[in-house]
Amino acid sequence: MHYDLIVIGSGPGGYVCAIRAAQLGMKVAVVEKDKTFGGTCLNVGCIPSKALLHASELFEESGHLFDKMGIKLGQPKLDLAAMMKFKDEGVDGNVKGVAFLFKKNKIDTFAGVGRIAGRSKVEVKGADGTSQVIEGKAVVIATGSDVARLRGVEIDEQRIVSSTGALVLDKVPQRLLVVGAGVIGLELGSVWRRLGSEVVVVEFLDRILPGLDSEVCRQFQRLLEKQGITFKLSSKVTGVEISGNKLKATVEPAAGGAAEAIDADVVLVSIGRVPFTEGLGLEEAGVKTDNKGRVTVDARYATNVPGIYAIGDAIAGPMLAHKAQDEGVAVAENLAGRSGHVNYEVIPNVVYTYPEVASVGKSEDELKQGGIAYKVGKFPFTANGRAKVNLQTEGFVKILADAKTDRVLGVHIVGADAGNMIAEAAVAMEFGAASEDIARTCHAHPTLTEAVKEAALAVDNRAIHM
Ligand SMILES: Cc1cc2nc3c(=O)[nH]c(=O)nc-3n(C[C@H](O)[C@H](O)[C@H](O)COP(=O)(O)OP(=O)(O)OC[C@H]3O[C@@H](n4cnc5c(N)ncnc54)[C@H](O)[C@@H]3O)c2cc1C
């Protein structure tokens, strides 16, 4: 029961940290309270949501685009139970994959709630009430996050749901009210709109996807509106009443004023996530947290208590699986005496709707606020040969480069497959590329990625196809 490393939580942060540490020769234990490994991401986050986004996108395409391409199938019919089974099988394959990797890397696993029980000690309390104490030279807190609650609105996961409930609805709601126009609300709103729901999104701020480039968000909002999603910006939901079969949400202007009622069959509360550290015994262990409940760490992910580290959604920074994974690798490498590091300037962000929205680096708003002189190169997919032939012409690529040095500062893509395309920009930025470097790199034809090259050329007004 003596380990080099004990990881509490088996989400993307925890399981990747454990595997990397085992690769580096450490004796590793993972403590997980849920029935399956993989955390939020694999069980109720990234993976199930992307399965439903993929299936619902094909459902919609088969009803609209197939006909145009000469594929005559008739009106597609939805078998929601089968679609949910498809999603569950995808989740199952992924969580079993983590169990396999733990075995392969000789990582011991402990089922139960982990609590820091003094220096180097973690108590694991099983569901049957039994408890055991394991010891580790280092402990990594990778306990992730939980759904943020909205005051006055009780989530029952049946009709008033969080993202977790919205992934398992057994019938398509006639009307879905989404509270919050962040990534999760827009992704799940898109799923249910494609499957037949009338979707209304209420957002407190005057824009969708706060934090992303505002030009991108304006264009993206218009595209979503064209698909039939209705937005009520600068508005807040202050309560939801159950009246018979229907829900009645009270919606007020964010700045105050007369309230209105919006009827819905299901309300999805997606106003963000909060760090999850319940039951960990942080206070007793003396581990400091910040005013948002996030575990405070230094640049090496060390907390104020020697031997205790933290990563992923439980600490500050974007709540993204790949950020958690990279932190997991970094902390494992640091513990092994190497120099683990995460470059927070180059963390891609993707919204997996149709079209997708992907970005890395600075937004134009941030450059303006920071007083940084920049050049912009833009290229629309309407001018990209592959996008035209695929009927995927919505969106554009925007590259922001330093006015003096030409170094790429940010890349923003709205378009089909933007999530895959952004990887090129991330690699370029990691290597400190100039827009000239991207412009001079040969891109295969015909691909959507040529729009990235053209946007780079457009930084100096020399795009070819525009
Ligand atoms: C609907 C949805 C869609 C998302 N889509 C994406 C996406 O497309 N891309 C992306 O990058 N991110 C996405 N995310 C965010 C992503 O899921 C998180 O950023 C990521 O899971 C964080 O990883 P983590 O390892 O820090 O924590 P988590 O994945 O939350 O894992 C924490 C684990 O710790 C366990 N745990 C907690 N406390 C204890 C304890 N005391 N003892 C034992 N075990 C404990 C939990 O049971 C859990 O398994 C999505 C999230 C949601 C909700």
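This section reports on the structure supplied with the text.

Thresholds applied
For every chain, the first residue of the written sequence is number 1, and numbering continues from 1 along that sequence. For a predicted model such as this one, the threshold for reporting local features is a pLDDT of at least 70, and the threshold for listing and counting side-chain atom pairs is 80 or more; totals across whole chains, interfaces and linings nevertheless cover every residue. Computation of side-chain values covers all heavy atoms of the structure but excludes hydrogens and water. A run of H or I in DSSP counts as a helix once it spans at least four residues, and a run of E counts as a strand once it spans at least two, with each numbered from the N terminus. Relative accessibility under 20% of the residue-type maximum defines a buried residue, over 50% an exposed one, and the middle range a partly exposed one, all with a 1.4 Å probe and only protein chains included. Any pair of residues with heavy atoms lying within 4.5 Å of one another is described as a contacting pair. Only the protein chains shown count as cover for residues, and the accessible areas themselves come from Shrake-Rupley with a 1.4 Å probe. As used throughout, the charge tally considers Lys and Arg to be positive and Asp and Glu to be negative, leaving His and the chain termini uncounted. Here the site of a charge means atom NZ of a Lys, CZ of an Arg, CG of an Asp or CD of a Glu. Two strands are said to pair when DSSP picks up at least two bridges between them. The span expected for a helix works out to 1.5 Å for each residue beyond the first. Given a residue, its bend is the angle between the two axes fitted to the seven residues that end at it and to the seven that start from it. When we say a residue is near a molecule or strand, we mean one of its heavy atoms is within 4 Å of it. Pairs of N or O atoms are called polar contacts if they sit within 3.5 Å, as long as, within protein, a hydrogen donor faces a hydrogen acceptor (for residues adjacent in sequence, only side-chain-to-side-chain pairs). Note on residue classes: Ala, Val, Leu, Ile, Met, Phe, Trp, Tyr, Cys and Pro are nonpolar, Asp, Glu, Lys and Arg are charged, and everything else, Gly too, is polar. Here the axes come from fitting lines to C-alpha atoms, over the contacting stretch only for helices, and the angles between their N-to-C directions go from 0 to 180 degrees. Throughout, the arc means the angular range of directions from the helix axis out to the C-beta atoms. Aromatic rings from Phe, Tyr and Trp, taking only the six-membered ring of Trp, are treated as a pair when their centres fall within 6.5 Å; an angle between ring planes under 30 degrees marks them as stacked, one over 60 as edge-to-face, and anything in between as tilted. Put simply, a charge is over a ring when the Lys NZ or the Arg CZ is close to the ring centre, within 6 Å, and near the line of the ring normal, within 35 degrees. Patch definition: residues above 30% relative accessible area lacking any salt bridge, with like charges linked at up to 9 Å and the nonpolar side chains Val, Leu, Ile, Met, Phe, Trp and Tyr linked at up to 5 Å. Throughout this description, the term salt bridge denotes a Lys or Arg side-chain nitrogen within 4 Å of a carboxyl oxygen of Asp or Glu.

A look at the overall build of the chain
Here's step 1: Scanning the chain from terminus to terminus reveals 14 helices and 22 strands.
Here's step 2: Along the first, second and third principal axes, the C-alpha atoms of the chain reach 65 × 60 × 50 Å.
Here's step 3: When the 466 residues of the chain are sorted by exposure, 50% land in the buried category.
Here's step 4: Intrachain contacts of the chain at a sequence separation of at least 6 include 62% that bridge at least 24 residues.
Here's step 5: Carbon together with sulfur atoms contributes 52% to the accessible area of the chain, which is approximately 21,700 Å² in total.
Here's step 6: Between the mean site of the 53 positive side-chain charges and the mean site of the 57 negative ones, the chain shows a separation of 2 Å.

Some points on the sheet that holds strand E9 (residues 175-179)
Here's step 1: The 5 strands are arranged E8-E15-E9-E10-E11 in an open sheet whose pairing can be described as parallel. The open sheet has two edge strands with one neighbour each: strand E8 (160-161) and strand E11 (230-232).

Remarks on helix H3 (residues 46-68)
Here's step 1: Here H3 spans 32 Å end to end across 23 residues, near enough to the 33 Å set by a 1.5 Å rise per residue.
Here's step 2: Along H3, the helix axis deviates most sharply at Ser-62, where the bend reaches about 50 degrees.
Here's step 3: Here H3 has its buried residues at Pro-48, Ser-49, Ala-51, Leu-52, Leu-53, Ala-55, Ser-56, Phe-59, Ser-62 and Leu-65.
Here's step 4: Tucked into the core, H3 has its buried residues touching helix H2 (39-44), helix H4 (80-104) and helix H6 (183-194).
Here's step 5: Immediately beyond the C-terminal end of H3, within one or two residues, lies Gly-70, with a positive phi of roughly 85 degrees.

Things to note about the site of the ligand
Here's step 1: In the vicinity of the ligand there are 39 residues, among which Glu-32, Thr-40, Lys-50, Gly-114 and Ala-321 approach most closely.
Here's step 2: The backbone of Gly-114 places a nitrogen or oxygen atom 2.8 Å from a nitrogen atom of the ligand.
Here's step 3: Note that an oxygen atom of the ligand is positioned 3.2 Å from one of the backbone N or O atoms of Leu-320.
Here's step 4: In isolation the ligand offers 1,000 Å² of accessible surface; the protein chains occlude 95% of this area.
Here's step 5: Elements with a minimum of two residues in the shell around the ligand: helix H1 (12-23), strand E2 (28-32), H2, H3, strand E4 (113-116) and helix H9 (321-335).
Here's step 6: A class-by-class count of the residues in the shell around the ligand yields 16 nonpolar, 17 polar and 6 charged.

Describing the sheet that holds strand E22 (residues 408-415)
Here's step 1: Ordered in space as E18-E19-E22-E21-E20, the 5 strands form an open sheet in which the pairing is antiparallel. Of all the strands in the sheet, the pair left with one neighbour each is strand E18 (349-351) and strand E20 (374-380). Direction aside, the axes of adjacent strands within the sheet are offset by 10 degrees on average.
Here's step 2: Here E18 pairs with strand E19 (residues 356-361) via 3 bridges, running antiparallel. Paired with Val-350 across the two strands is Ala-358, which belongs to E19.

Section: helix H12 (residues 418-430)
Here's step 1: Between its first and last C-alpha, H12 extends 18 Å over 13 residues, near the 18 Å set by a 1.5 Å rise per residue.
Here's step 2: For H12, the full list of buried residues reads Ala-418, Gly-419, Met-421, Ile-422, Ala-425, Ala-426, Ala-428 and Met-429. Mapping the buried residues of H12 onto a view down its axis gives an arc of 160 degrees, with all of them on the same face.
Here's step 3: The inward-facing, buried residues of H12 contact E18, E19, E22, helix H13 (435-439) and helix H14 (450-458).
Here's step 4: Following H12 by one or two positions, Gly-432 adopts a phi angle in the positive range, close to 70 degrees.

Focus: unusual backbone geometry
Here's step 1: Residue Pro-355 is bonded to the preceding Tyr-354 through a cis peptide linkage, with omega at -10 degrees.
Here's step 2: Tracing the backbone shows Pro-355 in the loop between E18 and E19.
Here's step 3: For Lys-106, which is not a glycine, the phi torsion comes out positive at approximately 55 degrees.
Here's step 4: Looking at where Lys-106 falls in the secondary structure, it is placed in the loop between H4 and strand E3 (108-111).
Here's step 5: According to the relative accessible area criterion, Lys-106 is exposed, its value standing at 70%.
Here's step 6: Here Ser-120, not a glycine, exhibits a phi torsion of approximately 70 degrees, which is positive.
Here's step 7: Along the chain, Ser-120 falls in the loop between E4 and strand E5 (121-125).

Considerations on the packing of aromatic side chains
Here's step 1: Considering all chains together, one arrives at 2 aromatic pairs under this definition.
Here's step 2: Judged by centre distance (6.1 Å) and plane angle (85 degrees), the ring pair of Tyr-3 and Phe-110 falls under edge-to-face. Of this pair, Tyr-3 sits in strand E1 (residues 2-8) while Phe-110 sits in strand E3, placing them 107 residues apart in sequence. The same class applies to Tyr-3 and to Phe-110, which are both buried.
Here's step 3: Ring geometry for Phe-37 against Phe-102: centres 4.9 Å apart, planes inclined by 80 degrees, an arrangement best described as edge-to-face. Taken as a pair, Phe-37 in the loop between E2 and H2 and Phe-102 in helix H4 lie far apart in primary sequence, 65 residues in all. Taken individually, Phe-37 and Phe-102 each receive the classification buried, so the pair is uniform in this respect.
Here's step 4: Cation over ring: Lys-27 sits above Tyr-3, and NZ or CZ is 4.3 Å from the ring centre.

Re a nonpolar patch on the surface
Here's step 1: A cluster of nonpolar side chains, namely Met-69, Ile-71, Leu-73 and Leu-391, defines an oily patch on the protein surface of about 360 Å² accessible area.
Here's step 2: Its location among the elements puts Leu-391 in the loop between helix H11 (385-390) and strand E21 (396-402).
Here's step 3: For Leu-391, a relative accessible area of 38% puts it in the partly exposed group.

So, the environment of Ile-464
Here's step 1: Here Ile-464 shows up in the segment after H14.
Here's step 2: Residue classification places Ile-464 among the exposed positions, given a relative accessible area of 62%.
Here's step 3: With 11 residues separating them in the primary sequence, Ile-464 and Lys-453 have C-alpha atoms 9.9 Å apart.
Here's step 4: Apart from residues lying up to four places away in sequence, Ile-464 is in contact with Glu-454 and Leu-457.

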